[in-house]
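Close look at the chain arrangement
Residues per chain, in single letters:
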Amino acid sequence: MSNQPKSVTIENLEAAFAGESMAHIKYRYFAKLARAAGAIEVAEAFEATADQEVQHAFGHLDLLYPKDKMTPARSLEIAIEGETYEYTEMYPKFRHLAIEEGNSAAVAEYDEQIEESKVHAAQFKRTLEIAAKRFAALANVEERHANHYKAALDKLNAAAEPATTI
Ligand SMILES: [Fe+2]
Ligand SMILES: [Fe+2]
């Protein structure tokens, strides 16, 4: 991450994105509880609203990660960075503080999340490697095609050259 100060609007977009994302997941969770309690209408109300919160979050993401600046590889890099941050910094720090507070349930949960984040980061890295190889292979094919066309064009140009060149 860069050390440049972020614009207030970018910071606000990130906060708004976090808020909408949390609302989405929280409503999904409340829906799950409501469903388990037999309150189907309540569950459905939470589910419908949760779907809208996703759209709200997407609206912020459109501005944070504009489509014309994104590639699948860039998305993977950002995801790898996020997952790596989780298991190298965030959860180890939280885990340490949970130990200090004697909250063994939180420690155990963080341990699971650390393992999950490691797996996610590794999977994304693998996906990126495969994609990079595919792009490289495609670039090779393109280059071969380009060379082929260039050779054909050179031939045509040579044939069309005026006879005065001795
Ligand atoms: Fe919202
Ligand atoms: Fe993850």
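Residues numbered from 1 in each chain as written. Chains lettered and ligands numbered in written order. Predicted model: local features only at pLDDT ≥ 70, side-chain atom pairs only at ≥ 80, totals over all residues.

Under an unreviewed UniProt entry, the name given to the chain is Rubrerythrin, and the organism recorded is Massilia eurypsychrophila.

A separate point is the overall build of the chain. Each helix and strand counted, the chain has 4 helices and 0 strands in total. Starting at the N terminus, the α and β elements of the chain follow one another as α-α-α-α. Here the chain has a C-alpha radius of gyration of 26 Å; the compact-globule value for 166 residues is 15 Å, and the former is much larger. With the principal axes as the frame, the chain shows a C-alpha extent of 90 × 40 × 35 Å. (Helix = DSSP H or I, 4+ residues; strand = E, 2+ residues; numbered from the N terminus. Rg over C-alpha atoms; globule rule 2.2 N^0.38 Å.)

Running from amino to carboxyl end, helix H1 (residues 8-36) crosses helix H2 (residues 40-64) at an angle of 160°, the nearest separation of the two axes being 8 Å. Classified by the angle between their axes, H1 and H2 sit roughly antiparallel to one another. The two elements H1 and H2 cross, and the hand of that crossing is left-handed. (Axes fitted to C-alpha atoms, helices over the stretch in contact; angles between N-to-C directions. Parallel < 35°, antiparallel > 145°, perpendicular 65-115°, else oblique. Left-handed = near helix turned anticlockwise from the far one by under 90°.)

Where helix H3 (residues 72-101) contacts helix H4 (residues 104-160), the two axes come as close as 9 Å, and the packing angle between them is 160°. When the interaxial angle is binned, H3 and H4 end up roughly antiparallel. Judged by the twist between their axes, the crossing of H3 over H4 is left-handed. In the contact of H3 with H4, the residues fall into 19 nonpolar, 5 polar and 5 charged. (Nonpolar A, V, L, I, M, F, W, Y, C, P; charged D, E, K, R; others polar.)

For the chain, the assigned domains are domain 1 (7-70) and domain 2 (71-166). Relative to domain 2, the C-alpha centre of domain 1 lies at a distance of 27 Å. (Domains from an automatic or database assignment.)

Mapped onto the elements of the fold, Arg 144 is located in helix H4. Considering only alpha carbons, one finds Arg 144 and Thr 88, 56 residues apart in sequence, at a separation of 43 Å.

Attention now goes to H4. Under the 1.5 Å per step criterion, the end-to-end length of H4 is 82 Å for 57 residues, consistent within 8% with the ideal 84 Å. Counting buried residues along H4, only 3 of its 57 residues qualify, which leaves the element largely exposed. Considered for burial, the residues of H4 that qualify are Tyr 110, Ala 121 and Phe 124. Contacts from the buried residues of H4 go to H3. (Expected span 1.5 Å × (residues − 1). Buried ≥ 20, exposed ≤ 12 C-beta atoms within 10 Å, placed from the backbone. Contact = placed C-beta atoms within 7 Å.)

Let's shift gears to the environment of Ile 10. Structurally, Ile 10 can be placed in helix H1. Judged by local crowding, Ile 10 falls into the exposed class, with 12 C-beta atoms found within 10 Å.

What follows concerns H1. Its 29 residues place the ends of H1 42 Å apart at the C-alpha level, agreeing with the 42 Å of an ideal helix rising 1.5 Å per residue. Just past H1, the residue Gly 38 takes up positive phi, approximately 85°.

Before going further, it helps to spend a moment on the environment of Ala 73. Mapped onto the fold, Ala 73 is located in helix H3. A count of 13 C-beta atoms within 10 Å places Ala 73 in the partly exposed class. A sequence separation of 53 residues divides Ala 73 from Glu 20, and the C-alpha atoms of the two residues are 26 Å apart. With residues up to four places along the chain from it excluded, the contact list for Ala 73 reads Leu 128, Ala 131 and Ala 132.

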